[in-house]
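Here is what each chain is made of, one letter per residue.
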Amino acid sequence: MKKFLYFIFVNNRVIDFLSSPFLSIFVPPILGLYYGTLDIWGNDWTWVKNYQDIHTVIFSILAGMTVIILFIKGIAESCKGQVTAKYEKITESMITFFNELVKKKRDRFNNKAKSLKPTGDIFKTITHPRDQLEHVLDGTKRFLVSGLGIDQKNIGITIIQGNLSGPKWWYALKCDSQKQHTKARELMEGSSTARFCFESGDSLFIPDLRKGIKEGVFFESNRSKKTGKGSVFCKPVRVTVSNVEFVYIFTIAVYGQYICTPYDEAECRACEKILDEVADRVELELYLFSMKQFKESGGKAA
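Below, the structure is looked at part by part. Remember, predicted model here, so these are calculated numbers, not experimental data.

So, on to the pattern of salt bridges. All told, the structure shown has nine salt bridges when counted by the stated rule. The partner of lysine 235 in a salt bridge is aspartate 280, and the shortest N-O contact between them spans 3.9 Å. Here lysine 235, found in strand 4 (residues 230–241), pairs with aspartate 280, found in helix 12 (residues 265–296); they are 45 residues apart in sequence, far enough to count as distant. For aspartate 280, a relative accessible area of 32% puts it in the partly exposed group. Notably, a salt bridge pairs glutamate 245 with arginine 238, separated by 3.2 Å at the nearest N-O pair.

Next up on the list: the side chain of lysine 235. By relative accessible area, lysine 235 is classed as buried at 14%. Excluding anything up to four places from it in sequence, lysine 235 contacts Ser203, Tyr248, Ile249, Phe250, Ala279, Asp280 and Glu283.

In this section: the pairing of strand 1 (residues 155–163). Burial analysis of strand 1 places nine of its nine residues in the buried class, the great majority of the element. On strand 1, burial covers both faces: Ile155, Ile157, Ile159, Gln161 and Asn163 on one face and Gly156, Thr158, Ile160 and Gly162 on the other are all buried. Where strand 1 lies against strand 5 (residues 244–255), eight bridges are found, and the strand directions are antiparallel. In the strand pairing of strand 5, isoleucine 159 is matched with phenylalanine 250. Across six bridges, strand 1 lies against strand 2 (residues 168–174) in antiparallel orientation. Pairing of asparagine 163 across the sheet is with lysine 168, part of strand 2. Remark: four residues form the turn of the hairpin made by strand 1 and strand 2, two consecutive strands paired antiparallel.

For an α-helix, 3.6 residues make a turn, and residues three or four places apart therefore share a direction. Compared with an ideal rise of 1.5 Å per residue, which puts 20 residues at 28 Å, helix 7 (residues 129–148) spans 27 Å between its outermost C-alpha atoms and is within 8% of the ideal. Remark: glycine 149 follows helix 7 within two positions and exhibits a positive phi of approximately 70°.

Taken N-terminus to C-terminus, the directions of helix 7 and helix 12 make an angle of 165°; their axes are 9 Å apart at the nearest point. Compared by their axis directions, helix 7 and helix 12 come out roughly antiparallel. Regarding helix 7 and helix 12, the two cross each other, and that crossing is left-handed. Across the interface between the two elements, Pro129, Arg130, Gln132, Leu133, Val136, Thr140 and Phe143 of helix 7 pack against Ile274, Val278, Val282, Glu285, Leu286, Leu288, Phe289 and Lys292 of helix 12. A breakdown of the residues in the contact of helix 7 with helix 12 according to their chemical character gives ten nonpolar, two polar and three charged.

About the cut-offs
- Residues numbered from 1 in each chain as written.
- Predicted model: local features only at pLDDT ≥ 70, side-chain atom pairs only at ≥ 80, totals over all residues.
- Heavy atoms only, no water.
- Salt bridge = Lys/Arg side-chain N within 4 Å of Asp/Glu carboxyl O.
- Helix = DSSP H or I, 4+ residues; strand = E, 2+ residues; numbered from the N terminus.
- Buried < 20%, exposed > 50% of the residue type's maximum accessible area, 1.4 Å probe, protein only.
- Contact = heavy atoms within 4.5 Å.
- Pairing = 2+ DSSP bridges.
- Expected span 1.5 Å × (residues − 1).
- Axes fitted to C-alpha atoms, helices over the stretch in contact; angles between N-to-C directions.
- Parallel < 35°, antiparallel > 145°, perpendicular 65-115°, else oblique.
- Left-handed = near helix turned anticlockwise from the far one by under 90°.
- Nonpolar A, V, L, I, M, F, W, Y, C, P; charged D, E, K, R; others polar.

Encoded structure:
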């Protein structure tokens, strides 16, 4: 029903036509002139006086259509106003999210710089990729809550890490350590979004999990079966340090509600671009995370 109402009042060519500048500028004066002619000169002008029955029908049709069009436009403008307000809120939340990331790193650099010594390990002192990754995941969760209106209990954000020589897969980081997730190995060996992204090398956003299940690119867990709806975003990250390859899968999963309106293509594309921007920040930190692992392991894979 919501999808039907959305197409009726928001996203269709009829609504676009009714909202066009042509109708708003030219039609009201023409109708006003016609109504005024009937009222003022209706008993004097022959082409009106001699065809009163026809003008009665025309007037009734135009009056009825005017009421219907104004009603539809009112609802459409109200809905579009809500969409505009939503986009403004998303923009503000994104700016806050990115500013927090920069501030976190800037403050750490500023504090550590005061105690640096020329003989010390500067990289180890100022670079804390795990802390920064945890901050990014927490910030992503706050963004989903404040910007997209997602209930925080429905959000699962994880980073799966792999060792391809095994192969072995595990969760390197979770936004919520208390939340139970499907085992990383099960995801990477099953028909999951994470595995699909790992094999394709590209990020993937599925606005509606039901479509992902139908197309065989989403692993249906007990939680997804219970909630019935949701969205998922995955981005694979490969980092090569010297001759060692580090592999990660960054995932944002939402259960019980959608990240965006799944039947609005424009909104889905916009949401995907936003999530790609978030994932790019995660990828940057994973480069530093991999370098530190490489150094601490003596040049070996995790």
